[in-house]
Protein chains: 2
Amino acid sequence: MVDTITIPTASDMHVHLRQGSLMSMPNLQPPISTTEMALAYEAELEQLAPKVTFLMSLYLNPSLTPQEIKKAANAGIRGVKSYPRGVTTNSESGIESYDIYYPVFKAMEEEGMVLNLHGEIPSDPEKNVCVMNAEEKFLNHLKDIHLAFPNLKIILEHATTEAAVTMVKSLGETVGCTITVHHLQLVVDDWAGKCHNFCKPVAKYPSDRAALRNVIKEGHPRFFLGSDSAPHPSHMKEGPEACAGVFTTPLVLPYLATILESFGALDRLEDFACSFGRKFYEIKEEKWVGQVTLVRESWNAPKSYGFGGAGIDGEQGEVVPFMAGKPLGWKIASIA
Amino acid sequence: MVDTITIPTASDMHVHLRQGSLMSMPNLQPPISTTEMALAYEAELEQLAPKVTFLMSLYLNPSLTPQEIKKAANAGIRGVKSYPRGVTTNSESGIESYDIYYPVFKAMEEEGMVLNLHGEIPSDPEKNVCVMNAEEKFLNHLKDIHLAFPNLKIILEHATTEAAVTMVKSLGETVGCTITVHHLQLVVDDWAGKCHNFCKPVAKYPSDRAALRNVIKEGHPRFFLGSDSAPHPSHMKEGPEACAGVFTTPLVLPYLATILESFGALDRLEDFACSFGRKFYEIKEEKWVGQVTLVRESWNAPKSYGFGGAGIDGEQGEVVPFMAGKPLGWKIASIA
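Residues numbered from 1 in each chain as written. Chains lettered and ligands numbered in written order. Predicted model: local features only at pLDDT ≥ 70, side-chain atom pairs only at ≥ 80, totals over all residues. Heavy atoms only, no water.

Trainee: Would you explain the side chain of A:His220 in this entry?
Mentor: The topology assignment puts A:His220 in the loop between α8 (206-217) and β7 (223-225). A distance of 3.1 Å separates a polar atom in the side chain of A:His220 from the backbone nitrogen of A:Arg222. (Helix = DSSP H or I, 4+ residues; strand = E, 2+ residues; numbered from the N terminus. Polar contact = N/O pair within 3.5 Å; in protein donor to acceptor, adjacent residues only side chain to side chain.)

In structure tokens:
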């Protein structure tokens, strides 16, 4: 039995960094829609975490032009993010149809930028669309964009369904897929009435979770970590309407080692969390890549993390992390 | 356009009355498992609401005998309630298999008692059972019991799925089905992160809601009101783990008139809420049946109801009702 694992620092290909006090823990208002905004935000983030290589994204919206894409690519911006309208926190200005973006996609394909898709269509009772099938009903959009731009790198983010896994596997080498830590652990029962496990996309059926686990276990190189970690102060979760999001950032690797081991995939930790994402993005240089050593140890995840109280906007509070107070099997021993 | 409706007081064929302070607003601990317990509880309830005819139920459990059924029937107890293990509040002692209850069902059939089924099987990730499909996967139990005891009156309670509607319609005249107020209005999106709409069974897909609405609209006589109204103090809803239940009792008829009218079924209000349930139970005499007059009026449901503070256990708090603060189209003008 393995008791110590040393791997490179993880490459989290989907994370929600914040503004104000919450930024110093890690959706933005207004969205980052120009190269200048992205570079200014990157500079802010780098002050907090000088060693981290941030892959910045623009927000797909009707004012984005092929010219702006070329400018962004020259400035080192790596992706463009698409949210369907209204499906998650601060996504009211999201998209409804992709056709108008084809000139932008063409420019992205030429520049080697990555299209990051939040793969859900908006709920619509008339069409029987709700949070449980919104991802499955999105998948034909992914297929259409891929067929129209076969050399465009596309990532289906935070996949939650067997249908998504099947679709991504069926498409070409330019289509990748991120999976969060929490969707490897949760099913619908776990967020029914439990606000801290509520996120978008919502966790689905046990058979969907099994598909996510299996594609990691088989070591498929186009499926890699994107935590979608999103902290909300606990008072924004525990109330009549909970914000959507699960906070995993501080413990991504201990969570992953614990969960992967539970389904016999501990040996895939490095590929899933560190290698496959970097390969998909063809990352050639990073400011710094450290070595993280995890050790087998039984302990409980913290019940909360405090934030704020000094500087910036003075906002103060606590964030309840994923699996708060629950047992984990692995701990970070050192980062060097 | 109709602006005034006068109908008999509603017959709510499934409601959670309470203990202690919460009883005076309306799952019990321990469950009511003997005739004596049921009669003592009925007496307590009648002190609070002397004009209401309570149809009392026993709790299906391994200590229940055919002899106890005959005794209960003689004492006027009308039903036996079955909960699968662990699927809702205080149901840890529920059933897993019905075979051992066949002698009890036989006695109930002879005595004309009603079997009230909470129609969900327990979640089991290994078998892909979760809160979203637990009802559909239960339906073969209903069919089996009906086929074994075709003269036993059975009610599938709080149906939430198209599959349940289809199954009940396919079975004989002795099989009825209750539908709650809130399942006529909610879909899964409405309880995702919204604790006050979280209940068991959970609300399902828009197509399921449409099936519930359609069976009422067509006036099917074996589908009738059972509110499953279940008050929980707001602090038990707004927290890390919300209690399951929606509180509709004080406004059942205004909610129903508003919701039925929204899908063109206002003319079914009396049948659904008053007549069909009484007919299914063959209720011949009631202590009192009043006349309720509803008038068309735009107003907002209360944001909360206070309870307690005097007598009994001194517990005090507030309960947030269904559609709290939301617009309703009908109001109770008088009860006579």
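On we go from here.
Trainee: Where do I start with unusual backbone geometry in this structure?
Mentor: Across residues other than glycine, the phi torsion is negative in most instances, and most of the peptide bonds are trans. The step from A:Lys200 to A:Pro201 runs through a cis peptide bond, and the omega angle for that step is -5 degrees. Look at B:Asn128: it is not a glycine, yet its phi comes out positive at around 60 degrees. Examined against the element boundaries, B:Asn128 turns out to sit in the loop between β4 (114-118) and α5 (139-148).

Trainee: How should I be thinking about the packing of aromatic side chains in this particular structure?
Mentor: Note on aromatic pairs: each is described by the distance of the centres and the angle between the planes. Scanning the entire structure with this criterion turns up 25 aromatic pairs over all chains. Relative to B:Tyr83, the ring of B:Tyr59 has its centre 5.7 Å away and its plane inclined at 40 degrees; by these criteria the two rings are tilted. Within this pair, whereas B:Tyr59 is found in strand β2 (residues 57-59), its partner B:Tyr83 is found in the loop between β3 (79-82) and α4 (102-111), the two being separated by 24 residues in sequence. A residue is classified by how much of its surface remains accessible, and B:Tyr83, at 9% relative accessible area, is buried. Between B:Phe105 and B:Phe149 the ring centres are 6.0 Å apart and the planes differ by 85 degrees, which places this aromatic pair in the edge-to-face class. Of this pair, B:Phe105 sits in helix α4 while B:Phe149 is found in the loop between α5 and β5 (153-157), placing the two residues 44 residues apart along the sequence. The residues B:Phe105 and B:Phe149 share a single accessibility class, namely buried. Among the aromatic side chains, those forming a connected cluster through ring pairs are A:Tyr98, A:Tyr101, A:Tyr102, A:Phe105, A:Phe138 and A:Phe149. For the cation-ring pair, A:Lys153 lies above A:Phe280, with the distance from its terminal atom to the ring centre recorded as 5.4 Å. Over the face of the ring belonging to B:Trp299 we find B:Lys331, whose NZ or CZ atom lies 4.6 Å from the ring centre. (Phe/Tyr/Trp six-rings, centres within 6.5 Å; stacked < 30°, edge-to-face > 60°. Buried < 20%, exposed > 50% of the residue type's maximum accessible area, 1.4 Å probe, protein only. Lys NZ or Arg CZ within 6 Å of the ring centre and 35° of its normal.)

Trainee: Would you explain the state of the cysteines in this entry?
Mentor: Each disulfide consists of one covalent bond between the sulfur atoms belonging to two cysteines. This model, assessed by the stated rule, comprises zero disulfides over all chains. Counting only cysteine sulfurs, A:Cys130 is the nearest neighbor of B:Cys130, a cysteine outside any disulfide, at a range of 12 Å. We note that B:Cys195 lacks a disulfide partner, and the nearest cysteine sulfur, in A:Cys195, lies 7.6 Å from it. We classify B:Cys195 as buried; its relative accessible area is 9%. (Disulfide = S-S within 2.5 Å.)

Trainee: Quick question: what am I supposed to make of the sheet that holds strand β6 (residues 175-179) of chain B here?
Mentor: Sheet strands pair by backbone hydrogen bonding; their relative direction is either parallel or antiparallel. Residue and element names in this part refer to chain B. The six strands are arranged β2-β3-β4-β5-β6-β7 in an open sheet whose pairing can be described as parallel. This sheet does not close on itself; its edge strands, each paired only once, are β2 and β7 (223-225). Sheet twist, expressed as the mean angle between neighbouring strand axes with direction ignored, is 30 degrees. In terms of strand pairing, β6 meets β7 through three bridges, oriented parallel. Among the inter-strand pairings, Thr178 is bridged to a residue of β7, identified as Phe224. The strands that α5 touches are β4, β5 and β6; relative to β5, the one it contacts most, it runs at about 170 degrees. (Pairing = 2+ DSSP bridges. Axes fitted to C-alpha atoms, helices over the stretch in contact; angles between N-to-C directions. Contact = heavy atoms within 4.5 Å.)

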